[in-house]
Amino acid sequence: MTRIVLLEGDITDESVDAIVNAANSDLILGSGVAGAILAKGGPSIAAECEAHGPIDVGAAAITGAGDLSARFVIHAAGMPWGGQVSEESLRSALQASLELAEENECRTIAIPAIGGGVGGLSLQTCAEISLAEARRYVEDRGANAIVEEIRFVLFGEPAFRLFEMVNDAAKVEEQMRRLRER
């Protein structure tokens, strides 16, 4: 069964099969998470992005991870270059990222708060959608899931605490639903 884990930290330090980049559809590594990936992972990631891009908003592409500890970087295109992330593009980009992780037999994946920074989406909405998509993956795949751990790596305590609060609220809601069904 797939675990959903919340951590505060720097996603570029994670030793996982794949880290997810909060990307734009042109796959240009600019600021935020993408800038950190470029700085620590090196220019080979940008070169692979240039060969892949552009892609559709809501899609994802996979590259090597350069000098990072991960094997792959999955670029989740939540917005066009210079644009903003929508709720639908976030859902679609997360789904595409998890599909790519499965296709490449990734057992562990680290995901940032896509759209919660440069993308202009409220962090609350980002947390609600991100965690809902992770739970949907767990429910849909069950014991057949290839991804064993979906790790949300949040930069800074406020982001971590907000994701934690949204996750706890969903757990309470699920418990209440089960009690009502008895």
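Here goes a summary of the coordinates provided. Keep in mind that this is a model prediction, so the values were computed, not measured. (Residues numbered from 1 in each chain as written. Predicted model: local features only at pLDDT ≥ 70, side-chain atom pairs only at ≥ 80, totals over all residues. Heavy atoms only, no water.)

1. Concerning the pairing of strand β6 (residues 149–154)
- Here β6 lies mainly inside the structure; six of its six residues are buried.
- Burial along β6 is two-sided: E149, R151 and V153 facing one way and I150, F152 and L154 facing the other are all buried.
- Where strand β1 (residues 3–8) and β6 come together, six bridges link them in parallel fashion. Looking at the pairing, E8 lines up with L154 of β6.
- Two elements, strand β5 (residues 108–111) and β6, share four bridges in a ladder whose sense is parallel. When the bridges of β6 are listed, T108 appears paired with E149. (Buried < 20%, exposed > 50% of the residue type's maximum accessible area, 1.4 Å probe, protein only. Helix = DSSP H or I, 4+ residues; strand = E, 2+ residues; numbered from the N terminus. Pairing = 2+ DSSP bridges.)

2. Observations regarding helix α3 (residues 87–103)
- The end-to-end C-alpha distance of α3 is 25 Å, a good match for the 24 Å that 17 residues give at a rise of 1.5 Å each.
- Listed in full, the buried residues belonging to α3 are S89, L90, A93, L94, A96, S97, L98, L100, A101 and E102.
- If you follow the buried residues of α3, they end up packed against β2 (18–24), β3 (60–64), β4 (72–79), β5, α4 (123–141) and β6. (Expected span 1.5 Å × (residues − 1). Contact = heavy atoms within 4.5 Å.)

3. Quick look at the pattern of salt bridges
- For the structure on display, the rule yields 14 salt bridges.
- Residue R177 pairs with E174 through a salt bridge whose shortest N-O separation is 2.3 Å. Pair noted here: R177 and E174 are both in helix α5 (residues 157–181), with a separation of three residues, about one helical turn.
- The partly exposed category is assigned to E174, whose relative accessible area is 31%.
- One network of salt bridges, in which partners are shared, links R3, E14, E149 and R151. (Salt bridge = Lys/Arg side-chain N within 4 Å of Asp/Glu carboxyl O.)

4. Digging into the side chain of T12
- Checked against the element boundaries, T12 lands in the loop between β1 and β2.
- Accessibility expressed as a relative area gives 4% for T12, which makes it buried.
- Polar side-chain contacts of T12 include one of 2.6 Å to the side chain of D10.
- Polar side-chain contacts of T12 include one of 3.2 Å to the side chain of K40.
- In this structure T12 touches I19, A36, I37, K40 and L68, once residues within four positions along its chain are discounted. (Polar contact = N/O pair within 3.5 Å; in protein donor to acceptor, adjacent residues only side chain to side chain.)

5. Brief notes about the packing of helix α1 (residues 32–41) against helix α2 (residues 43–52)
- Between α1 and α2, whose axes approach to 6 Å, the crossing angle comes to 125°. Taken together, α1 and α2 sit at an angle that is classed as oblique. From α1, I37, L38 and G41 reach across to α2, where they touch P43, S44, I45 and A46.
- Of the residues contributing to the contact of α1 with α2, the split by class is five nonpolar, two polar and no charged. (Axes fitted to C-alpha atoms, helices over the stretch in contact; angles between N-to-C directions. Parallel < 35°, antiparallel > 145°, perpendicular 65-115°, else oblique. Nonpolar A, V, L, I, M, F, W, Y, C, P; charged D, E, K, R; others polar.)

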